[in-house]
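Single-letter residue listing:
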Amino acid sequence: MPLNTMTLNTTLTTFDVIVVGAGHAGCEAALAAARMGCETLVLTMSLETIAHMPCNPAIGGLAKGQLVKEIDALGGAMGRVADATGIQFRVLNASKGPAVQGSRCQSDMWQYRARMRRELERQERLTLVPASVDELLLEGRRVAGVRTGEGRTFLGRTVVITTGTFLNGLIHMGERRTEAGRMWEAPSRRLSASLAGLDLKLGRLKTGTVPRLRRQSIAWEGLEEQRGDDPPRKFSFWESRIELPQVSCHITYTNAGTHRVIQENLSRSAMYSGAIKGVGPRYCPSIEDKVVKFPDKERHQIFLEPTALDSDEIYPNGLSTSMPPEVQLAFLRTIPGLERVEIVKPGYAVEYDYVLPLQLHPTLALKDLPNLFCAGQINGTSGYEEAAAQGVMAGINAALQVQCAPPLVLRRDEAYIGVLIDDLITKGTDEPYRMFTSRAEYRILLREDNADLRLSEKGWRLGLLPEACWRRVAEKARRVLALRAGLDAVRLTPTPAVNAALAAAGQPALKTGAAATELVRRPGMRLETLAALPPVRAQVDVLAHPAEVREQVEIGIKYEGYIARQAAQLAMFDRLEAMRLPDDLPYDEVAGLSREVVQKLGRHRPANLGQAARISGITPAAITVLAAWLKGQAARRRQAS
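Residues numbered from 1 in each chain as written. Predicted model: local features only at pLDDT ≥ 70, side-chain atom pairs only at ≥ 80, totals over all residues. Heavy atoms only, no water.

1. Here we look at the overall build of the protein chain
- When you go through the protein chain residue by residue, the secondary structure sums to 21 helices and 22 strands.
- Against the compact-globule benchmark of 26 Å for 641 residues, the protein chain has a radius of gyration of 27 Å, which places it among compact chains.
- Judged by the C-alpha coordinates and their principal axes, the protein chain covers about 80 × 80 × 55 Å.
- Here the contacts in the protein chain between residues at least 6 apart in sequence split such that 73% fall between residues at least 24 apart.
- Carbon and sulfur atoms form 52% of the exposed surface of the protein chain, whose accessible area is close to 26700 Å².
- A gap of 3 Å separates the mean positions of the 81 positive and 71 negative side-chain charges of the protein chain. (Helix = DSSP H or I, 4+ residues; strand = E, 2+ residues; numbered from the N terminus. Rg over C-alpha atoms; globule rule 2.2 N^0.38 Å. Contact = heavy atoms within 4.5 Å. Areas by Shrake-Rupley, 256 points an atom, 1.4 Å probe, with all protein chains shown as cover. Lys, Arg positive; Asp, Glu negative; His and termini not counted. Charge placed at Lys NZ, Arg CZ, Asp CG, Glu CD.)

Here it is in structure tokens:
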């Protein structure tokens, strides 16, 4: 298939969807829009840094693994590319329940970039142009297109902004300041000014990265080795493979000497000298923050992670810093294994502008500019996975807007992606937002293992997934129901054969008759063990079903009570979500609302009563008043008709 990188003298200038930026959000947005049939343009400063991993070269993690699985279930690329380029796979929280487990892989950063670029270059209806965007072009309250730094104009029916840390990017390394979005990459200053000129509210955030270490300068002997899972569990539900050799990471720790060097040089840290104005990520603090905020902690864990199979660079996960390079080297050499370490690239902090996300619709379009979408760090998030999740949704909704079709909005009970976007547009954020399982109140329903059952039909109907993928999921769902029905019909009695089989599996004997599913609820009881019991084996061929089917049935049985409880909670959630609030609702005319509530509702402009209820400071009494007002309005309309 021919590549579709646009030459600089092309005459094609009008597109359905223009995507600004080709990081993790931009890649997913562009692929989604193009696969849905839209002529899509990607403008990026450099084709060489498509899907770059400027921080830790890893995909997934706790709650982030769920996001990757959901992107994959919708038809996105991140999971497949991660599988093809991963060099260590691990399931985090594997000893805990499936609702809080998270898949993670260490990636070969160079191969990840190359594979994702290939995805874009081979995608029909998708064109790549190496160019910076300086200005958004307006027609009334709609964006008509963009103008590049080279003076070229591209017109678009929709525009998706995915600029990462480049808007007014400023790098801090000790006392040194450099205007850049990433090390050695120019910032996007004019685009930030263009956005501010649209009366958008912008804020300032900060993130950081670690020094990269030379592999050959590390004393690996004596360090704790961390192997990956064997066999590794891939991300994608579809036809992907783990292709690369698997490697180990290693663990070391800071110590009192490390902390002393940092304390003695705090005044030289950009974080503590007052040079940085933006708010940093609370849940991924710099090593300076750890030392200052946790003075009683004697050591901090550091993971030494390879960045690629053919690279000499090691990523010391846990050592983000904005100290001067000479201080970085000094504290690094106090750490076991790093006594003679050499720095390949120093760590740094970067400040950047972002769009306050309360200005966004659930589609990720701006409320005041309905064909301008934002995705990724520009919305105040951190992490590749959060960015990619927003990207796929922005790309989908930009394409649906072009096609005059209803938007796709995932609810909090449908996906972690729904939780992520709802949190941003309802609560806003004044620090880099990171996804956690604790943010998802319906996390028992939103597991990694069932993302395909939850979302694949949507991906297929949108045209993002082939029909064969959806048929496979539909067959999986059918077999889950069939196996569960078969097990529900089996009853066991305390015969010598049954109790002998239970004893062999380390399970207590039966004393009275019980349903087969009751035994599955026992701690440590697996469906495969149940399958070996004589009455079950005689009535249901459990092992004839694929492992993914057995897994769904076992989880469904073990979590049945919790799932039923959440189903009851969802009934109230559904009622509130169904009560739509007009965008122009005159809250000051609703009797019974306090001035504070009126101001907050007017500022947030929630789409429905459920979203209003999640806004900080909106009381249950205010929701009751709004519900009564909506019912009264509906009654008056009925009378008028």
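2. Re empty space enclosed by the protein
- Following the criterion strictly, the structure yields 2 cavities of 30 Å³ or more and no others.
- Volume-wise, the largest cavity comes out at about 40 Å³.
- Along its surface, the largest cavity is lined by F89, R90, V91, S103, R104, D229, R233 and F235.
- For the lining of the largest cavity, the elements supplying multiple residues, two or more each, are strand 4 (86-92) and strand 5 (102-107). (1 Å grid on protein atoms, 1.4 Å probe; cavity = no way out; pocket = protein on both sides within 12 Å on 5 of 7 lines; lining within 4 Å. Points joined across faces, edges and corners; volume = space filled by probe spheres on them.)

3. Some thoughts on the sheet that holds strand 3 (residues 58-60)
- One open sheet holds the 3 strands; their spatial order is 3-5-4, and the pairing between them is antiparallel. With partners counted over all chains shown, the strands left at the sheet margins are strand 3 and strand 4, one partner each. Strand after strand, the sheet turns through a mean of 20° between neighbouring axes, direction not considered.
- By the bridge criterion, 6 bridges tie strand 4 to strand 5 in an arrangement that is antiparallel. Across the sheet, the residue bridging to L92 is G102, located in strand 5. (Pairing = 2+ DSSP bridges. Axes fitted to C-alpha atoms, helices over the stretch in contact; angles between N-to-C directions.)

4. Things to note about the pairing of strand 9 (residues 153-161)
- Where strand 1 (residues 14-20) meets strand 9, 6 bridges bridge the pair, whose relative direction is parallel. Within strand 9, the position partnered with V19 by the bridge is V160.
- Alignment of strand 8 (residues 142-148) against strand 9, held across 3 bridges, turns out to be antiparallel. Along strand 9, the bridge assignment pairs V146 with F154.

5. Some words on the packing of helix 9 (residues 384-402) against helix 10 (residues 416-427)
- In contact at an axis separation of 10 Å, helix 9 and helix 10 are set at 90° when each is read in the N-to-C sense. By the angle class used here, helix 9 and helix 10 are roughly perpendicular. Across the interface between the two elements, E386, A389, Q390 and M393 of helix 9 pack against I417, L420, I421 and L424 of helix 10.
- When the residues that make up the contact of helix 9 with helix 10 are grouped by side-chain class, the tally is 6 nonpolar, 1 polar and 1 charged. (Parallel < 35°, antiparallel > 145°, perpendicular 65-115°, else oblique. Nonpolar A, V, L, I, M, F, W, Y, C, P; charged D, E, K, R; others polar.)

6. Looking at the packing of helix 12 (residues 467-488) against helix 17 (residues 547-558)
- It is the contact of helix 12 with helix 17, at a shortest axis distance of 9 Å, that shows an interaxial angle of 55°. With respect to helix 17, the element helix 12 is oriented oblique. As for how helix 12 packs across helix 17, the hand of that crossing is right-handed. Contact residues: R472, K476, R479, V480, L483, R484 and L487 in helix 12; E548, V549, R550, Q552, V553, G556 and I557 in helix 17.
- Residues that form the contact of helix 12 with helix 17 fall into these classes: 6 nonpolar, 2 polar and 6 charged. (Left-handed = near helix turned anticlockwise from the far one by under 90°.)

7. Some words on the environment of A640
- Along the chain, the position of A640 falls in helix 21 (residues 620-640).
- Considering only alpha carbons, one finds A640 and C469, 171 residues apart in sequence, at a separation of 49 Å.

8. A short note on the confidence of the model for the protein chain
- The pLDDT averaged across the protein chain works out to 93; a share of 98% of its residues lies at or above 70.
- For residues 6-10, every residue scores under 50 in pLDDT, and the model assigns this stretch 11 contacts once sequence neighbours within four places are set aside. (pLDDT = per-residue confidence, 0-100.)

9. What to know about the layout of surface pockets
- Considering only enclosed or pocket space, the second largest pocket measures out at about 1100 Å³ in volume.
- Q101, R233, D449, E551 and I555 are, among the 30 residues lining the second largest pocket, the residues nearest its centre.
- Secondary structure elements with two or more residues in the lining of the second largest pocket: helix 12 and helix 17.
- Top element by residues in the lining of the second largest pocket is helix 17. It accounts for 7 residues.
- Among the residues making up the lining of the second largest pocket, the classes are represented as 11 nonpolar, 4 polar and 15 charged.

10. Overview of helix 6 (residues 256-264)
- All of the buried residues in helix 6 are G257, T258, H259, V261 and I262.
- Tucked into the core, helix 6 has its buried residues touching helix 7 (287-293) and helix 8 (325-332).
- Near the N-terminus of helix 6, the side chain that reaches the backbone nitrogen of G257, with its oxygen 2.9 Å away, is that of N255. (Buried < 20%, exposed > 50% of the residue type's maximum accessible area, 1.4 Å probe, protein only. Polar contact = N/O pair within 3.5 Å; in protein donor to acceptor, adjacent residues only side chain to side chain.)

11. As for the side chain of R182
- Along the chain, R182 falls in the loop between strand 11 (176-179) and helix 5 (189-196).
- Setting aside residues no more than four positions away along its own chain, R182 makes contact with T49, H52, P54, T165, F166, I171 and Y348.

12. What to know about the packing of aromatic side chains
- This model, assessed by the stated rule, comprises 6 aromatic pairs.
- Seen from their ring centres, Y559 and Y562 are 6.1 Å apart, and the 55° between their planes marks the pair as tilted.
- Y559 sits in the buried class, given a relative accessible area of 16%.
- Looking at Y562, the relative accessible area reads 44%, which means it is partly exposed. (Phe/Tyr/Trp six-rings, centres within 6.5 Å; stacked < 30°, edge-to-face > 60°.)

13. Section: helix 18 (residues 560-578)
- For helix 18, which comprises 19 residues, the first-to-last C-alpha distance of 26 Å matches the rise-based estimate of 27 Å (1.5 Å per residue) to within 8%.
- Its buried side turned inward, helix 18 meets helix 20 (609-613). (Expected span 1.5 Å × (residues − 1).)

14. A few points about the side chain of E305
- Mapped onto the fold, E305 is located in strand 16 (residues 301-306).
- Note on E305: relative accessible area 3%, which makes it buried.

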